[in-house]
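# Reading the structure
Spelled out from the first residue to the last, the chains are:
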Amino acid sequence: MQKTAVILLLATLLLVTIGVVMLFSTSSLYARERYGDPNYLLKRQLVWLAIGAAGCVAAASTPYPQLRKWCVPLLVLTAVLLVLVLVPGVGRRIGGARRWLSWGGFQLQPSEFAKLALIIWLAHYLSKEKRRIEKFGRGFLLPMTVTGAFLGLILLEPDFGTTALLGMVAFAMLFIAGVRLAYLLPTALAGVSAFGVLIWQDPIRAERMLAYLDLEKYKAGKGYQVWQAMLAFGSGGVNGLGLGNSRQKMFWLPEAHTDCIAAIVGEELGLIGMVALLALFLTLLVCGVIIAMKTPDLNGQYLALGITMLIALQMLINIGVVTAWLPTKGLPLPFISYGGSSLMMNLVAVGMLLSIVRHGADQPANETQEFFAQQQEPLPI
Amino acid sequence: MITGTHKTRALIVMTTLSLCFTALGGRLVQLHVLRHEELSGQAAANRGLVIKRQGRRGEVRDCNGNLLANSQSVRIVCADPSITAAHAGATAAKLSPLLNMDAAALQTRLNGPGKYVRLKQKVDEETAQQIRALKLKGVFFEDQYLRTYPQGSLASHVVGFVDADHKGVQGIEAAMEQYLAGVAGYEVIERDRKGREIRALRAEGIEPRDGYHVVLTMDQVIQHIAETELEKAMGEFRPRAGLIIVSRPKTGEILAMSNRPTFDPNNAGRATADARRNRCISDVAEPGSTFKIVNIAGALNDSTIRLSDVFHCENGAFLYGGRILHDAHPYGPLTVEQILFKSSNIGAAKIALKMGTPRLYEYIRRFGFGRKTGIGLPGEVSGIVHAPNHWTKLSITRIPMGHEIAVTPIQMLMAMNAIANGGKLMKPLIIKRVVDADGRAVVEPPPQQVGQPISPAATALMTTALRRVPMPDGTAPKAAVDGFDAAGKTGTAQKIENGQYVRKYYSSFVGYLPSPDPEISILVSLDDPSGGTYYGGSVAGPVFRRVAEKIVEYLGISPQQPLTHSRQVASAR
């Protein structure tokens, strides 16, 4: 157990280090041009890194079972934030979407918190309702309603990427927990169809989809960014152009430091760098699964799997998009992309995984015990 | 521990995720390795830009270094539409007043396809600086040179002009293209998306080499004299066209070559082809009596005749071959010398009959007729000399008086130069030297003798006779040059239109001075002078005199005899 924790921590540290280095390499030209200070974005990211590190330590030292008490208030708070961000004047509108709450110079992305809040609650609820998990109402309808509400709020921003990611993670959690496929599959199908319809009805998103389907044709328009990202990967070759030597970051690839940062990693560090990056994320995934497997407590298992899937899936979607494999979705690359909320929440998530390592064994392994515990001291919902 | 369905389902999810990892790895291999060439090439093409750099075209100068053709540095304003398209409207609005172009038209071009578009050429440096100060994204400059001819139409037929691509079209500009043009260079730069060069990535490039300068044998002052006198003659006699060539008999150097009508090479496009033609080398005509020097010199050289031999000139009407040959004035017996300076057609015909067809043809070829002189200007023609087997019975009596044969003015002058120069036929020389940017001579063609048609002794005899042409009993008393012994020959050739001789004439005079050791030779030819007189002696003769008098004064050639009073006064002024 301890060894897994050490490896997990090392992988995370490496990812964060690569992230800081690559962020500097990628953003300095942009930052000098835009803010007159090449280190402008780096400094901000470092502040968030410090906050995230503190959050990570705090999460690791807090026994995760205490989250059971806090998960419902957390869920409500996040829901309130998600509603607030939609209110004109409160939510900051950037590029046609209200995703940010601006507060004292720093910006907060409620959907980042929503991801963790929903996973924490689902882990809590699904483990609590283990016995009735195959029932329609308790096992399916209730968790599905809460999840649906969250996804709906995020979709309203609109943030299709986060919606899709969170939807997949929630679906996987329900699936693993044992919710009946007869309920799950039709819902998933309906969800995907509704998603599809929404995309086709939105002219901008429909065009993005067309650009995804025929990148050559749209490479000067909607497909420009992805096309330039592909050029960056291709330019990198096996060995890369060398750290700091990206050409595409010279404004050919717009906003290279945010969602497309992987392309610059690929250009500067080559296939070797990208494979190393994937290996680090895979390490994280494997560590998460081992932690889940070794945890006797069901809540801890679900939480560990949910967090692991969240990080891994987000990475997969991000690089899938940047390599023009998936349609364009605005998702940051965990630990690497510029973005405070994302970095902080990912570090907190790693902290929670460490907490599961530390405190998992303390928990009662017996699900009957848990059942009784629930009977004796009713928990909210 | 995870157990049962729970475990199976978790395994399914995790396996799926792992598969996604593998697939993503495959995708990365595809992009990084398999499509490396294609994608990195595309990226490089986006960044890269080849900027052409033109070498400066060489100058053309006269023998004293006066500038005849110059290249002025200007700019071409270019744009990269892949960059300017984003803000074409604003850029067009800013450029429009500076380039003096329609904003809407500019916007269309800034919005166009591709990565390179020329917005405006020949933009002066000052305007270019103003545009540079605007710091417009995607707008850049290329060097360009503007060909200017500071002397305007002076010697324009020799200097020639260039086309829109700066390529020589006519004259020296075309003939010396390979020297003048220089070698274009280029620069390969990489740019960021805003069109700024990434200095650190400047790669290959070749510096342009400037063209060589061409120095002509021509003298701007002598050219000016020729032009001025020709212009005056044009006003006085109103010919259809006219030309004057001045050369140095000993070397064959061309000192001046003037044509009317003329054109301004700064505006060559507006001139007609007729005005742009260098008649001195491109036009053939029957030379008329000036051609008599060929057969008489030949006969003297062969000792077939002596200067003192007498031929009867049939009182102006000589029946030969069933046709009557006329003289302008009826003469009885004339010596050879008289035949030449009085220009008797009948006398010349009788001398030719005495020497025979093969010798006559031999001397025509020896004096360089029927082939190009090799002056090295484009457009030179060889003239028309029929081989003896094509001659009719009359030919031998007509060719000596310059009929049935067509020559260029430059051929005529070079033949006269041979007589002036001890029988040495020189190749006309117009390029004094070609120098590189540092002034080192790259090419310096020496004077070149191409033949020796007659002996020095025969030329001395010819000169004796030709010196009498500008005398009171010669055909051209008005060609007499005050203070100098000039030798020359008049020509009055009937023009042929539609195969018939018409009452239109080429009036010409070709001569040299000071004889017997001449410094300069001059050919004057006026095409169809109107207003009564058309004889070479009275039309071209005075022009010869005026040109000669001014040139000897300019060159400081000492008079052989004291000047008459009027010349002394003029000279003193």
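What comes next is a walk through the structure. (Residues numbered from 1 in each chain as written. Chains lettered and ligands numbered in written order. Predicted model: local features only at pLDDT ≥ 70, side-chain atom pairs only at ≥ 80, totals over all residues. Heavy atoms only, no water.)

### Quick notes on the overall build of chain B
Tallying secondary structure elements over chain B gives 21 helices and 21 strands in all. When the 573 residues of chain B are sorted by exposure, 53% land in the buried category. The long-range share in chain B, meaning contacts at least 24 apart out of those at least 6 apart in sequence, stands at 71%. Looking at chain B as shown, the accessible area adds up to about 23,900 Å², and 52% of this sits on carbon and sulfur atoms. (Helix = DSSP H or I, 4+ residues; strand = E, 2+ residues; numbered from the N terminus. Buried < 20%, exposed > 50% of the residue type's maximum accessible area, 1.4 Å probe, protein only. Contact = heavy atoms within 4.5 Å. Areas by Shrake-Rupley, 256 points an atom, 1.4 Å probe, with all protein chains shown as cover.)

### Structural notes on the sheet that holds strand β1 (residues 48–53) of chain B
Either a parallel or an antiparallel arrangement is found when strands of a sheet pair, and the pairing is made through backbone hydrogen bonds. All names here are of chain B. Spatial ordering of the open sheet is given by β1-β6-β7, a layout of three strands whose pairing is antiparallel. The sheet is open, and its two edges are formed by β1 and β7 (205–206), each paired on a single side. Running at roughly 45 degrees to β1, helix α2 (residues 36–47) makes contact with β1 and β6 (185–190) of the sheet. (Pairing = 2+ DSSP bridges. Axes fitted to C-alpha atoms, helices over the stretch in contact; angles between N-to-C directions.)

### A look at the sheet that holds strand β19 (residues 487–497) of chain B
Residues and elements named next belong to chain B. In space, the five strands of this open sheet follow the order β10-β9-β21-β20-β19, with antiparallel pairing throughout. Each of the sheet's edge strands pairs with one partner strand only, and the pair in question is β10 (253–260) and β19. Adjacent strand axes in the sheet meet at a mean angle of 10 degrees when their direction is disregarded. Strand direction decides the pairing type here: strand β20 (residues 500–513) and strand β21 (residues 520–527), joined by eight bridges, are antiparallel. Paired with Ser-508 across the strands is Ser-525, a residue of β21. Contacts from helix α18 (residues 409–420) reach β9 (241–248), β10, β19, β20 and β21, with the element oriented near 35 degrees to β9.

### Some details on the pattern of salt bridges
All names here are of chain B. As enumerated under the stated definition, the model contains 47 salt bridges over all chains in all. Among the ionic pairs, Glu-125 bridges to Arg-75, the shortest N-O distance being 2.7 Å. Residue Glu-125 is found in helix α6 (residues 125–133), and its partner Arg-75 is found in strand β3 (residues 67–79); the two are separated by 50 residues along the sequence. A salt bridge links Glu-173 to Arg-147; its shortest N-O distance comes to 2.7 Å. Here Arg-147 lies in strand β5 (residues 139–148) and Glu-173 lies in helix α8 (residues 171–175), a separation of 26 residues in the sequence. Accessibility classification places Glu-173 together with Arg-147 in one group, the buried group. Three or more residues joined by partner-sharing salt bridges are found here, namely Glu-229, Lys-232, Glu-236, Arg-546 and Lys-550. (Salt bridge = Lys/Arg side-chain N within 4 Å of Asp/Glu carboxyl O.)

### Section: helix α5 (residues 137–156) of chain A
Residue and element names in this part refer to chain A. With 20 residues, α5 should reach 28 Å at 1.5 Å per residue; the first-to-last C-alpha distance of 26 Å fits that figure. Gly-139, Phe-140, Pro-143, Val-146, Thr-147, Phe-150, Leu-151, Leu-153, Ile-154 and Leu-155 are the residues of α5 that are buried. Check the buried side of α5 and you find it contacts α3 (67–84), α4 (110–128), α6 (160–177) and α7 (181–201). (Expected span 1.5 Å × (residues − 1).)

### A short note on the pairing of strand β2 (residues 97–103) of chain A
All names here are of chain A. Burial runs high along β2: five of the seven residues are buried. Relative to β2, strand β1 (residues 91–94) is paired through four bridges, and the arrangement is antiparallel. From the neighbouring strand, Arg-93 faces β2, where its bridge partner is Arg-98.

### Some points on a nonpolar patch on the surface
Nonpolar side chains collect at one region of the surface, where Val76(A), Val80(A), Val83(A), Leu84(A), Val87(A) and Val90(A) lie side by side and expose about 420 Å² of accessible area between them. Mapped onto the secondary structure, Val76(A) falls in helix α3. (Patch = residues over 30% accessible without salt bridge, like charges linked within 9 Å, V, L, I, M, F, W, Y side chains within 5 Å.)

### Here's the deal with the packing of helix α13 (residues 292–301) of chain B against helix α15 (residues 345–355) of chain B
All names here are of chain B. Between α13 and α15, the least distance of the axes is 10 Å, while the angle of their chain directions is 45 degrees. In terms of their interaxial angle, α13 and α15 are classed as oblique. Where α13 crosses over α15, the handedness of that crossing is left-handed. Touching Lys-292, Asn-295, Ile-296, Gly-298 and Ala-299 of α13 are Asn-345, Ala-348, Ile-351, Ala-352 and Met-355, all from α15. (Parallel < 35°, antiparallel > 145°, perpendicular 65-115°, else oblique. Left-handed = near helix turned anticlockwise from the far one by under 90°.)

### Concerning the side chain of Thr258(A)
All names here are of chain A. Within the secondary structure, Thr-258 is located in the loop between α10 (224–236) and α11 (261–294). On the basis of relative accessibility, which here comes to 18%, the residue Thr-258 falls in the buried class. In this structure Thr-258 touches Ser-337 and Tyr-338, once residues within four positions along its chain are discounted.

### Re the packing of aromatic side chains
Taken as a whole, this structure holds 16 aromatic pairs over all chains when the rule is applied. Ring plane angle 75 degrees and centroid distance 5.0 Å describe the contact between Phe136(A) and Tyr183(A), whose orientation is recorded as edge-to-face. One end of the pair, Phe136(A), is in the loop between α4 and α5; the other, Tyr183(A), is in helix α7, with 47 residues separating them in the sequence. Where Phe160(A) meets Phe195(A), the ring centres are 5.3 Å apart and the plane angle is 45 degrees; that geometry is what we call tilted. Here Phe195(A) lies in helix α7 and Phe160(A) lies in helix α6, a separation of 35 residues in the sequence. An identical accessibility class is assigned to Phe160(A) and Phe195(A); each is buried. Members of the aromatic cluster, connected to one another through ring pairs, are Phe136(A), Phe140(A) and Tyr183(A). In this structure, Arg132(B) packs its charged tip against the face of Phe141(B), placed 4.6 Å from the ring centre. When the ring centre of Tyr212(B) is taken as reference, the NZ or CZ atom of Arg209(B) above it lies at 4.5 Å. (Phe/Tyr/Trp six-rings, centres within 6.5 Å; stacked < 30°, edge-to-face > 60°. Lys NZ or Arg CZ within 6 Å of the ring centre and 35° of its normal.)

### Points about the interface of chain A and chain B
Many descriptions give the size of an interface as the accessible area lost when the pieces come together. In this complex, chain A contributes 55 residues to the contact, which on the side of chain B involves 37 residues. When the two sides are added together, the surface that chain A and chain B hide from each other amounts to roughly 4,000 Å², 72% of it contributed by carbon and sulfur. Looking only at chain A, the three residues that lose the most surface to chain B are Trp252(A), Leu316(A) and Trp325(A), adding up to 16% of its buried area. Taken together, chain A and chain B are joined by one salt bridge. As a salt-bridge pair, Glu190(B) and Arg247(A) come within 3.6 Å of each other at their nearest N and O atoms. Inspection of the chain A/chain B interface yields seven residue pairs in polar contact (both at pLDDT 80 or more). (Buried area = accessible area lost by both parts, 1.4 Å probe. Polar contact = N/O pair within 3.5 Å; in protein donor to acceptor, adjacent residues only side chain to side chain.)

Distances and angles like these do not, on their own, reveal function.
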